[in-house]
Amino acid sequence: MNFEFPISELPAVMRGPRVERRRALVGGSAFWGTLIEEGADAGRLQLDDGRVLDAQALSYLPPVNPSKIIAVHISYSSRSYETRQKPKPTESPTYFTKPPTSLNGHGGQILKPADCQYLNYEGEYAVVIGKTCRNVTPDEAWDYIEGFCPALDMGLQNFRDTDQGSMLRVKGADTLLPIGPGLVRGVNLFEQTLRTYVNGLVVQEAHIGEETIWGPHYVIADLARHITLVAGDVILMGTPCHSRSVDPGDVVECEITGIGRVAGTVVEIAAPRASALGVGHQPTDTAEVRRVALGFDERVPDRFKQNLAEARKNKRG
């Protein structure tokens, strides 16, 4: 691992045994439970009240309750090569925030307003803070991590022209952060592979340990210099190359080996009523919007482009 502050000893949060916590809707109420890893009930969810249920049959809520969600702009070398043509995008990481109302559960609907043309996927892993964290070193930061989740950092790119600095509407609209289904610890994150799927075909892939520019320990130490992180806060750790737009009916998934797989289905909704009255900056389709929404196909592996084209045909079929 060639990123800043390499680790000499595997942190406790990445040492086994694997533990996955999920929050499910059962009988109209939310319950926490732990995924059973071994034995006859392996793969089932044991609720904290003792009931054991079929994990595949449950509806899941986000396994986090953050006061804030902070996202790294670029932290994978392939993404930096695609967008900046260099292995490191900036000297140090840069960030934006998403409101907690952008959270979405596994299997939920990802809403695409009818007046927005480009809704891009970005498969990521999320780091969840376990206790109050302020003024720590990178080595100390590991002790403040509760676990990791797969996440989809979706983006309405048609607001790039007005919100590029803050990313507020680009990344902050309702439903644009499917996360879960569980919060996992006890897995070596840097040995895992991240994959994003559209309609079952791989459109992003990266070995986390090989492509990471800044690890979560570096990012936490950087943020906590000035911002107090509290239990439940979420940090999104960026996406590899080939973020592209998807359409209503597309099923988007992010899988992290050893950790889990989160899914969402893109659904079109009517344009906001205030937009029809000319309120606020309207979605645009400019060169800058297309630069991000459509990416640079000449700088990504051919298989991702081919799979995305096939995924679009699959949906139409």
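Anyway, here's the lowdown on the structure attached to this text.

Considerations on the overall build of the chain
Item 1. Helix and strand counts for the chain stand at 9 helices and 21 strands.
Item 2. On C-alpha atoms alone, the chain measures out to a radius of gyration of 19 Å, which is about the 20 Å that the 2.2 N^0.38 rule sets for 317 residues.
Item 3. Within the span of the chain, comprising 317 residues, buried residues form 51% of the whole.
Item 4. In the chain, the proportion of contacts linking residues at least 24 apart, taken out of those at least 6 apart, comes to 76%.
Item 5. Working note: accessible area of the chain is about 13,500 Å², and carbon and sulfur atoms make up 49% of it.
Item 6. When the 34 positive and 39 negative side-chain charges of the chain are each reduced to one mean point, those points stand 3 Å apart.

Comments concerning unusual backbone geometry
Item 1. Across the junction of glycine 16 and proline 17, the peptide omega takes the value 5 degrees, indicating a cis bond.
Item 2. Its place among the elements puts proline 17 in the segment before β1 (19-26).
Item 3. Phi at glutamine 85 takes a positive value of approximately 60 degrees, unusual for a residue other than glycine.
Item 4. Mapped onto the fold, glutamine 85 is located in the loop between α1 (77-84) and β7 (95-98).
Item 5. Given a relative accessible area of 58%, glutamine 85 falls into the exposed group.
Item 6. Positive phi, normally seen in glycine, also occurs at asparagine 199, with a value near 50 degrees.
Item 7. By secondary structure assignment, the location of asparagine 199 is in the loop between β16 (193-198) and β17 (201-207).

Brief notes about the environment of threonine 175
Item 1. Inspection of the secondary structure assignment puts threonine 175 in the loop between α4 (168-172) and β14 (177-178).
Item 2. In this structure threonine 175 comes out as buried when scored by relative accessible area, which is 14%.
Item 3. Residues threonine 175 and isoleucine 220 lie 45 residues apart in sequence; the distance between their C-alpha atoms is 25 Å.
Item 4. Residue contacts for threonine 175: discarding those within four places in its chain leaves Thr101, Ser102, Leu103, Asn104, Gln109, Ile110 and Leu111.

As for the pattern of salt bridges
Item 1. The full count for this structure, using the stated rule, is 28 salt bridges.
Item 2. Arginine 169 serves as the salt-bridge partner of aspartate 163, at 2.6 Å between the closest nitrogen and oxygen.
Item 3. The class for aspartate 163 is buried, based on a relative accessible area of 7%.
Item 4. Using a relative accessible area of 33% as the deciding quantity, one classes arginine 169 as partly exposed.
Item 5. Here arginine 225 makes a salt bridge to aspartate 222, at a shortest N to O gap of 2.8 Å.
Item 6. For arginine 225, a relative accessible area of 48% puts it in the partly exposed group.
Item 7. Linked through salt bridges whose partners overlap, the residues forming this network are Arg79, Glu82, Lys98, Glu122, Asp153, Lys171, Arg244 and Asp297.

Examining the sheet that holds β17
Item 1. Across the sheet, which stays open at both edges, the 5 strands sit in the order β9-β21-β20-β16-β17 with mixed pairing between neighbours. The sheet is open, and its two edges are formed by β9 (108-113) and β17, each paired on a single side. Within the sheet, the average angular offset between the axes of one strand and its neighbour, ignoring direction, is 20 degrees.
Item 2. Two elements, β16 and strand β20 (residues 251-256), share 5 bridges in a ladder whose sense is antiparallel. In the strand pairing of β20, leucine 194 is matched with isoleucine 256.

Digging into the nonpolar core
Item 1. Core analysis: the biggest nonpolar cluster contains 68 residues, and Tyr125, Phe148, Ile220 and Ile235 have the highest contact counts within it.
Item 2. When near neighbours in sequence (up to four residues on either side) are disregarded, isoleucine 220 contacts Val127, Ile129, Cys133, Val136, Ala141, Ile145, Leu229 and Ile235.
Item 3. Among the nonpolar cores identified, the runner-up in size contains 8 residues, and Ala24, Leu45, Ala55 and Tyr60 belong to it.

Description of the packing of aromatic side chains
Item 1. Following the criterion strictly, the structure yields 3 aromatic pairs and no others.
Item 2. An angle of 75 degrees between the planes, with centres 6.3 Å apart, marks the rings of tyrosine 125 and phenylalanine 148 as edge-to-face. Here the residue tyrosine 125 occupies a position in strand β11 (residues 123-129), and phenylalanine 148 occupies one in strand β12 (residues 145-152), the gap between them amounting to 23 residues.
Item 3. Measuring from centroid to centroid gives 6.1 Å for tryptophan 142 and phenylalanine 190, while their planes differ by 90 degrees, and the two rings are edge-to-face. Residue tryptophan 142 is found in the loop between α2 (138-141) and β12, and its partner phenylalanine 190 is found in the loop between β15 (182-185) and β16; the two are separated by 48 residues along the sequence. The exposure classification of tryptophan 142 matches that of phenylalanine 190, with both residues buried.
Item 4. Residue placement shows arginine 51 over the ring face of phenylalanine 31; its charged tip is 4.9 Å from the ring centre.
Item 5. Sitting above the plane of the tyrosine 197 ring, arginine 261 keeps its charged end 3.9 Å from the centroid.

Conventions and cut-offs
Residues numbered from 1 in each chain as written. Predicted model: local features only at pLDDT ≥ 70, side-chain atom pairs only at ≥ 80, totals over all residues. Heavy atoms only, no water. Helix = DSSP H or I, 4+ residues; strand = E, 2+ residues; numbered from the N terminus. Rg over C-alpha atoms; globule rule 2.2 N^0.38 Å. Buried < 20%, exposed > 50% of the residue type's maximum accessible area, 1.4 Å probe, protein only. Contact = heavy atoms within 4.5 Å. Areas by Shrake-Rupley, 256 points an atom, 1.4 Å probe, with all protein chains shown as cover. Lys, Arg positive; Asp, Glu negative; His and termini not counted. Charge placed at Lys NZ, Arg CZ, Asp CG, Glu CD. Salt bridge = Lys/Arg side-chain N within 4 Å of Asp/Glu carboxyl O. Pairing = 2+ DSSP bridges. Axes fitted to C-alpha atoms, helices over the stretch in contact; angles between N-to-C directions. Core = buried A, V, L, I, M, F, W, Y, C linked by side-chain atoms within 4.5 Å. Phe/Tyr/Trp six-rings, centres within 6.5 Å; stacked < 30°, edge-to-face > 60°. Lys NZ or Arg CZ within 6 Å of the ring centre and 35° of its normal.

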